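# Structure at a glance
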Amino acid sequence: MALTLDSLAEYLHSVGIPCQVDGDGSAIVESVATLEDATRGQLSFLSNPKYEPYLETTRAEAVLVRPDVKINRQMSLLRTPDPYAAVTAAIVRLHGYRKHPWWGVSEQAIISPTARIGANANIAPGVYIDDGAEIGDNATLYPGVYIARGTRIGNNVTLFPNVVIYENCVLGNNVTIHAGTVIGEDGLGYAPVNEKWVKIPQIGNVIIGDDVEMGPNCTIDRATLGSTVIGSGTKFSNLVAIGHGTKVGEDCLFVAQVGLAGSVTVGRHVTIAGQAGVVGHITIGDNAVIGAKAGVSNSIEAGATVLGQPAVAISECKRQIAVMQQLPKLKNEIKRMRRELDRLLQLAGEKPRSVEKHTEPPVAT
Amino acid sequence: MALTLDSLAEYLHSVGIPCQVDGDGSAIVESVATLEDATRGQLSFLSNPKYEPYLETTRAEAVLVRPDVKINRQMSLLRTPDPYAAVTAAIVRLHGYRKHPWWGVSEQAIISPTARIGANANIAPGVYIDDGAEIGDNATLYPGVYIARGTRIGNNVTLFPNVVIYENCVLGNNVTIHAGTVIGEDGLGYAPVNEKWVKIPQIGNVIIGDDVEMGPNCTIDRATLGSTVIGSGTKFSNLVAIGHGTKVGEDCLFVAQVGLAGSVTVGRHVTIAGQAGVVGHITIGDNAVIGAKAGVSNSIEAGATVLGQPAVAISECKRQIAVMQQLPKLKNEIKRMRRELDRLLQLAGEKPRSVEKHTEPPVAT
Amino acid sequence: MALTLDSLAEYLHSVGIPCQVDGDGSAIVESVATLEDATRGQLSFLSNPKYEPYLETTRAEAVLVRPDVKINRQMSLLRTPDPYAAVTAAIVRLHGYRKHPWWGVSEQAIISPTARIGANANIAPGVYIDDGAEIGDNATLYPGVYIARGTRIGNNVTLFPNVVIYENCVLGNNVTIHAGTVIGEDGLGYAPVNEKWVKIPQIGNVIIGDDVEMGPNCTIDRATLGSTVIGSGTKFSNLVAIGHGTKVGEDCLFVAQVGLAGSVTVGRHVTIAGQAGVVGHITIGDNAVIGAKAGVSNSIEAGATVLGQPAVAISECKRQIAVMQQLPKLKNEIKRMRRELDRLLQLAGEKPRSVEKHTEPPVAT
């Protein structure tokens, strides 16, 4: 759609985002692009200061910026305290969310007569829904989706191609699962008997709350007993692995390739950055932040930010890294002092206590 | 099913697990649950001492515990030296393993006339089996499974939805592969020619032994020449990546997101914890244990336990971590000593040897 | 096929690989195998010196070796400066590349009437191609492939089973994508509003150049705005994750489980080893090499080789590792010096400045 800057500003106000037009309010924007790519008729935004230089060169029709941003050229601006929230609302307004293909309930989908399908279902060819499964209203299931027996899915759920959900799992409303993600498979549950691994039937399930979104090719183990739980509002990126019996709170954000072992308890609004891992049977407090590649081996208090392997408070981790980079220098300093000390001990008529010989060459710094 | 504690104890004895009823042997259990979740009619267990407090509050009908566990309340117990093995047997007895849907050989599966399918096959709609493939007896293939030409699969094999097996691979008996796992794809085999990558045909295959189980979305490269091998009894968790030509021994356990490069040789009963990685062309000895996130860049002896990046003996790694956390303190101590030493050198009429200036502020500890 | 060593040598010359027969030029080779596995009629090669001992025991008909390699037994050799390039050419010549099953355009594929399919298409049953999609000439699409609306694919493209490509993406010519890989899904794009995550429509796409190959179960996010780009000639291994808006240059090589966050700019011919990660909004220069498990948090200059977490120049990283392994020893040395220094200070009639007590036991070395 197309909007004047005045009407876009009005819309942003209406969704609670204060916004002042600075320039020609009758200018029309039809779509959104980056400062680098934007051209006539396109709205852009500046949120990360790193990209401020592009303000001088962008061909955008208008740009969302903070109130205090200075610009040395003639251009139309929309000034708002939170350009990122504003551009989000603008994208929703001008572009909207993905429109799915429409299949109705395809005759080439295989749906058990004992499955219950809600109103306005959109089920593609090649979908398989097993006995006793329940799918809520307004569901969109893409080709290759497999729903095992007894699994119950809420309203307004979207499952992209080849999503697989094992038996007796539960998904809430407004859940979106991207292609290839697997939910409810058996976890790594074996009893060691004479150096063999005896499989423990995994009789639990997975329960996913409302408004959850998961990226592609994630894997969420069912619990051995009870439930693996993903809280409402939580978002996962790609290739995330969740172990059996782990419980993740509400409104968490997990970046790509994060892995949680089994029986972990994660609070609400926890952020875990890319490739971080958490060992089993520990607790992560509310609002904790776990840095990229962190290896978390102990429980973390609410609000803490940790980094490193093993993960420690980020300030501590940064101190360690800073000193570590000086290690070679420190090592040479110690050797120098050792030599001087020996000399002083001799002058004092004392026998040097030095027990170890410094035969290695000094480390270059 | 439902069992009295007496008859359950009898069954456990019959499978080699000693067990004493301590309480009402006529109490009946029908299912198994955690101490936290269990209610009337449910059996629970205490293996990890961490959960001992729940013994005071559990509503379980009966609990499997070690002989020496003390309890201050009236409840029915089954005392056994290995509660974990016992609960495994109890789950198998009371719940059994997953029962698969029954499809027979679906007319909506696509099976080459030159493929050989064993007795009692259970092949879902949407399965594709190419020319010359062989599937043993009692196979269960879920929708979306693809078996390429010439691949041979043993008896009692279960392939969950969307498992893909490339051409000329071999799977043994009693193999279970979870959804989305890919076996036999080309590895990263290219010859560098003038800064381009020239693809090397990957003409080898993958051979998987008996009783192997793999989690979802794993990827097992075929060998360039010869075979990538996964030994009998080995179990993988989720998102495990195995490089071309790597040979994994029997009864190994790999946790989620483990990655092995190509041409690695792994012995028997090796445990690799989550997100660990192993470089190519090295050997991991029998019964070795590789810790979570370890980066293994050198061969490891049989029985060794390693940790860290690069991975070293766990005792060594822990020593390093311990000292590293004291680094900022050590650094300040060195500076203090430096100053004192300079003073003593002056007192001794010697010119301080100190060559570097300590201009940086001391590190807070 | 079968070739004499003379005719194979001739062929290698014809593709620009100098090669001398050393032994019986009339010997015939029909296939290629490793030194360990090769038998009569098979050609092998020695590239990695590590495998040189196998030269003494191999039963290969002939072996490709460097000109200077000495052998103490009677056998046929093909001497060439680059045995790896030579064996690659020999494998191509003797074995060729994978031959795909032939489906033509299957009537069991679902293809929108508004999709455009090129000449000589090979489209399997169970493929789904949505409205307005374009598939070039000589395409091979395996079962379970899903191509969303408006996606355009070049000539000579192979998509293995269950590959999913979201809407409006672009793939070049000669692209190969292995099973289960997902291209064009939404990235982790949310605006934080009152501790909730508000989804930002991801209106960009993914553009993949010519001659790109990706391993199985990779995930390539579409851009929020604009395009995520994978340059021509670039090769990915398994389980690689690319964040939204990231641009990867030409002829790069990414090993398994590599993860790049969003808005990263990667130059040409960059190598990233297994399980390495790169944070968002930074730049990796041409020909850079990122070591296994590296955590790259700052931009990297062209030609640099980095390692570690955080990643630093490899020489620096190795120095740090070397000293770190001596840390326990250094710590004890500092304590010893501390004691000696205190003694000297006393002898000099000075009050020891030592403020901290060394109460911990010394660390064993």
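Residues numbered from 1 in each chain as written. Chains lettered and ligands numbered in written order. Predicted model: local features only at pLDDT ≥ 70, side-chain atom pairs only at ≥ 80, totals over all residues. Heavy atoms only, no water.

### A closer look at the sheet that holds strand S38 (residues 305-307) of chain C
Residue and element names in this part refer to chain C. Under the convention used in this document: When DSSP locates at least two bridges between a pair of strands, those strands are taken to pair. A helix here means a DSSP run of H or I that spans at least four residues, while a strand means a run of E at least two residues long, and both kinds are numbered starting from the N terminus.
One open sheet holds the 11 strands; their spatial order is S10-S13-S16-S19-S24-S27-S30-S33-S36-S38-S39, and the pairing between them is mixed. For this open sheet the edge positions go to strand S10 (122-123) and strand S39 (312-313), each flanked by a neighbour on one side alone. As judged from the two bridges shared by strand S33 (residues 271-272) and strand S36 (residues 289-290), these two strands associate in the parallel manner. When the bridges of S36 are listed, Thr 271 appears paired with Val 289.

### Brief notes about the environment of Phe254(A)
Heads up, the rule is: Think of it in three bands: with a 1.4 Å probe and only protein chains considered, a residue is buried below 20% of the maximum accessible area for its type, exposed above 50%, and partly exposed in between. We call two residues in contact when some of their heavy atoms are within 4.5 Å.
Along the chain, the position of Phe254(A) falls in strand S30 (residues 253-254). The class for Phe254(A) is buried, based on a relative accessible area of 0%. C-alpha separation for the pair Phe254(A) and Thr234(A), spaced 20 residues apart in sequence, amounts to 8.2 Å. When neighbours within four sequence positions are excluded, Phe254(A) is seen to be in contact with Lys235(A), Phe236(A), Ser237(A), Val240(A), Ile242(A), Val248(A), Leu260(A), Val266(A), Val270(A), Ile272(A) and Leu188(C).

### Here we look at helix H3 (residues 314-324) of chain B
What counts, and what does not: Here, the arc refers to the directions that run from the helix axis to the C-beta atoms.
Among all positions of H3(B), only Glu316(B), Cys317(B), Gln320(B), Val323(B) and Met324(B) are buried. The arc enclosing the buried residues of H3(B), seen along the axis, measures out at 130 degrees, which places them on a common side. Tucked into the core, H3(B) has its buried residues touching helix H3 (314-324) of chain A, strand S38 (305-307), strand S39 (312-313) and helix H4 (327-347) of chain B together with helix H3 (314-324) and helix H4 (327-347) of chain C.

### Some thoughts on empty space enclosed by the protein
Rules: Only protein atoms enter the calculation, which uses a 1 Å grid: trapped sets of points that fit a 1.4 Å probe without letting it out are cavities, open sets showing protein on both sides within 12 Å along at least five of seven lines are pockets, and any residue with an atom within 4 Å of a point is a lining residue. Grid points are joined across faces, edges and corners, and a volume is the space filled by probe spheres set on the points. Asp, Glu, Lys and Arg are counted as charged, while Ala, Val, Leu, Ile, Met, Phe, Trp, Tyr, Cys and Pro are counted as nonpolar; the rest, among them Gly, fall into the polar class.
If you walk through the whole model with that rule in mind, you get 12 cavities of 30 Å³ or more. As a volume, the largest cavity reaches approximately 180 Å³. Looking at the largest cavity, it is lined by 15 residues, and the ones nearest its centre are Gln257(A), Gln275(A), Gln257(B), Gln257(C) and Gln275(C). A class-by-class count of the residues in the lining of the largest cavity yields three nonpolar, nine polar and three charged.

### A closer look at the relation of the copies chain B and chain A
To be explicit about the condition: We superpose the copies by least squares over the C-alpha atoms of residues that have a pLDDT of at least 70 in both of them.
The two copies are related by a screw operation: chain B maps onto chain A through 120 degrees of rotation and 0.0 Å of translation along the axis, at an RMSD of 0.0 Å. Taken together, the rotation and translation describe the operation of a three-fold axis.

### Comments concerning the domain arrangement of chain A
Which entries qualify depends on this criterion: As used throughout, domain bounds are those supplied by an automatic or database domain assignment.
For chain A, the assigned domains are domain 1 (3-95) and domain 2 (166-310). Relative placement of domain 1 of chain A and domain 2 of chain A: their C-alpha centres are 38 Å apart.

### Notes on the packing of aromatic side chains
Defined as follows: Only Phe, Tyr and Trp rings take part, Trp by its six-membered ring, and two of them pair if their centres are within 6.5 Å. Stacked means planes under 30 degrees apart, edge-to-face means over 60, and tilted covers everything else.
Per the counting criterion, the structure on display carries 27 aromatic pairs over all chains. Measuring from ring centre to ring centre gives 5.7 Å for Tyr142(A) and Tyr146(C), while their planes differ by 85 degrees; the resulting arrangement is edge-to-face. Of the two residues, Tyr142(A) is situated in the loop between strand S13 (140-141) and strand S14 (146-147) and Tyr146(C) in strand S14 (residues 146-147); the pairing between them involves two chains. Here Tyr142(A) falls in the buried class, since its relative accessible area comes to 3%. Each ring, one from Tyr128(B) and one from Trp103(C), has its centre 5.9 Å from the other, and the planes form 80 degrees; the classification is edge-to-face. Taken as a pair, Tyr128(B) in strand S11 (residues 128-129) and Trp103(C) in the loop between helix H2 (83-94) and strand S8 (110-111) lie in two separate chains rather than in one.

### What to know about the interface of chain C and chain B
The following threshold applies: When two components associate, each loses some accessible surface as probed by a 1.4 Å sphere; the sum of these losses over both components is called the buried area. Salt bridge, as used here, is a side-chain nitrogen of Lys or Arg placed within 4 Å of a carboxyl oxygen of Asp or Glu. Pairs of N or O atoms within 3.5 Å make up the polar contacts considered here, provided that, within protein, one atom can donate a hydrogen while the other can accept it, and that residues adjacent in sequence are counted only when both atoms are side-chain atoms.
Taken residue by residue, the interface counts 72 residues in chain C and 71 residues in chain B. Of the roughly 5,800 Å² buried where chain C meets chain B, counting both sides, 61% is carbon and sulfur surface. Summed over the three residues of chain C that lose the most area to chain B, namely Arg98(C), Lys293(C) and Ile334(C), the buried surface amounts to 9% of that side. At the surface where chain C touches chain B, the tally comes to seven salt bridges. One salt bridge connects Arg268(C) with Glu195(B), and the closest N-O pair in it is separated by 2.9 Å. Our enumeration of links across chain C and chain B arrives at 30 residue pairs in polar contact (both at pLDDT 80 or more). Elements that contribute at least two residues to the side of chain C that touches chain B include exactly H2, strand S27 (235-236), strand S30 (253-254), H3 and H4 of chain C. Among the elements that make up the side of chain C that touches chain B, the one with the highest residue count is H4(C) (nine residues). Of the residues belonging to the side of chain C that touches chain B, the class tally is 37 nonpolar, 20 polar and 15 charged.

### Focus on the pairing of strand S23 (residues 205-208) of chain B
A regular strand places its side chains on the two faces of the sheet in alternate fashion. Residue and element names in this part refer to chain B. Pairing geometry for strand S18 (residues 170-171) and S23, over two bridges, is parallel. Along S23, the bridge assignment pairs Val 170 with Ile 207. One ladder, built from four bridges, connects S23 with strand S26 (residues 227-230); its direction is parallel. The residue of S26 that forms the bridge with Asn 205 is Ser 227.

### A closer look at the pattern of salt bridges
For the structure shown, the criterion picks out 45 salt bridges over all chains. One salt bridge in this structure joins Asp186(A) and Arg98(B), with 2.7 Å as the shortest N-O distance. In this pair, Asp186(A) sits in the loop between strand S20 (182-185) and strand S21 (190-193) while Arg98(B) sits in the loop between helix H2 (83-94) and strand S8 (110-111), so the two residues belong to two different chains. Across the pair, exposure class does not vary: Asp186(A) and Arg98(B) are buried alike. Taking the shortest distance from any N to any O, the salt bridge between Glu213(A) and Lys199(C) comes out at 3.0 Å. Taken together, the positions of Glu213(A) in strand S24 (residues 213-214) and Lys199(C) in strand S22 (residues 196-199) put the pair across two chains. Of the two residues, Glu213(A) and Lys199(C), both sit in the buried class.

### As for the interface of chain B and chain A
Listed by partner, the interface residues are 72 residues for chain B and 71 residues for chain A. Of the roughly 5,800 Å² buried between chain B and chain A, counting both surfaces, carbon and sulfur atoms make up 61%. The interface formed by chain B and chain A holds seven salt bridges in total. A salt bridge links Glu167(A) to Arg98(B); the nearest nitrogen and oxygen atoms lie 2.8 Å apart. Inspection of the region where chain B meets chain A yields 30 residue pairs in polar contact (both at pLDDT 80 or more). Secondary structure elements with two or more residues in the side of chain B that touches chain A: H2, strand S27 (235-236), strand S30 (253-254), H3 and H4 of chain B. For the side of chain B that touches chain A, the element with the highest residue contribution is H4(B), accounting for nine residues. Here the side of chain B that touches chain A is built from residues that sort into 37 nonpolar, 20 polar and 15 charged.

### Remarks on unusual backbone geometry
That bond from Gln309(B) to Pro310(B) is cis: its omega, 0 degrees, falls within 30 degrees of zero. Following the sequence through the fold, Pro310(B) ends up in the loop between S38 and S39. Of note, the phi angle at Gln275(A) is positive, near 65 degrees, even though the residue is not glycine. Looking at where Gln275(A) falls in the secondary structure, it is placed in the loop between strand S33 (271-272) and strand S34 (277-278). On the basis of relative accessible area, Gln275(A) is assigned to the buried category, the value being 9%. Despite not being glycine, Asn168(B) shows a phi value in the positive range, around 60 degrees. Summarising the element assignment, Asn168(B) is placed in the loop between strand S17 (164-165) and S18.

### Remarks on the confidence of the model for chain A
Rule in force here: How sure the predictor is of each residue is captured by pLDDT, a score from 0 to 100.
Here chain A averages 94 in pLDDT, while 96% of its residues score no lower than 70. In this model residues 355-365 of chain A is a low-confidence stretch, pLDDT under 50, and it forms 23 contacts with partners more than four residues away in sequence or in other chains.

### Regarding the sheet that holds strand S15 (residues 152-153) of chain A
Pairing is parallel in the open sheet, where nine strands are placed in the order S9-S12-S15-S18-S23-S26-S29-S32-S35 (chain A). Whereas interior strands pair on both sides, the edge strands pair on one side only; in this sheet they are strand S9 (116-117) and strand S35 (283-284) of chain A.

### Digging into the pairing of strand S20 (residues 182-185) of chain B
Residue and element names in this part refer to chain B. The pairing of S17 with S20 spans two bridges and is parallel. Among the inter-strand pairings, Val 164 is bridged to a residue of S20, identified as Val 182. Here S20 pairs with strand S25 (residues 219-221) via three bridges, running parallel. Looking at the pairing, Ile 183 lines up with Ile 220 of S25.

### Some words on helix H1 (residues 5-14) of chain C
Residues and elements named next belong to chain C. Listing the buried residues of H1 in full gives Leu 5, Leu 8, Ala 9, Tyr 11 and Leu 12. Along the axis of H1, the buried positions cluster into a sector of 160 degrees, meaning they face one direction only. Exposed and facing more than 90 degrees away from the buried side of H1 are Glu 10 and Ser 14. Phi turns positive, to about 85 degrees, at Gly 16, one or two residues after H1.

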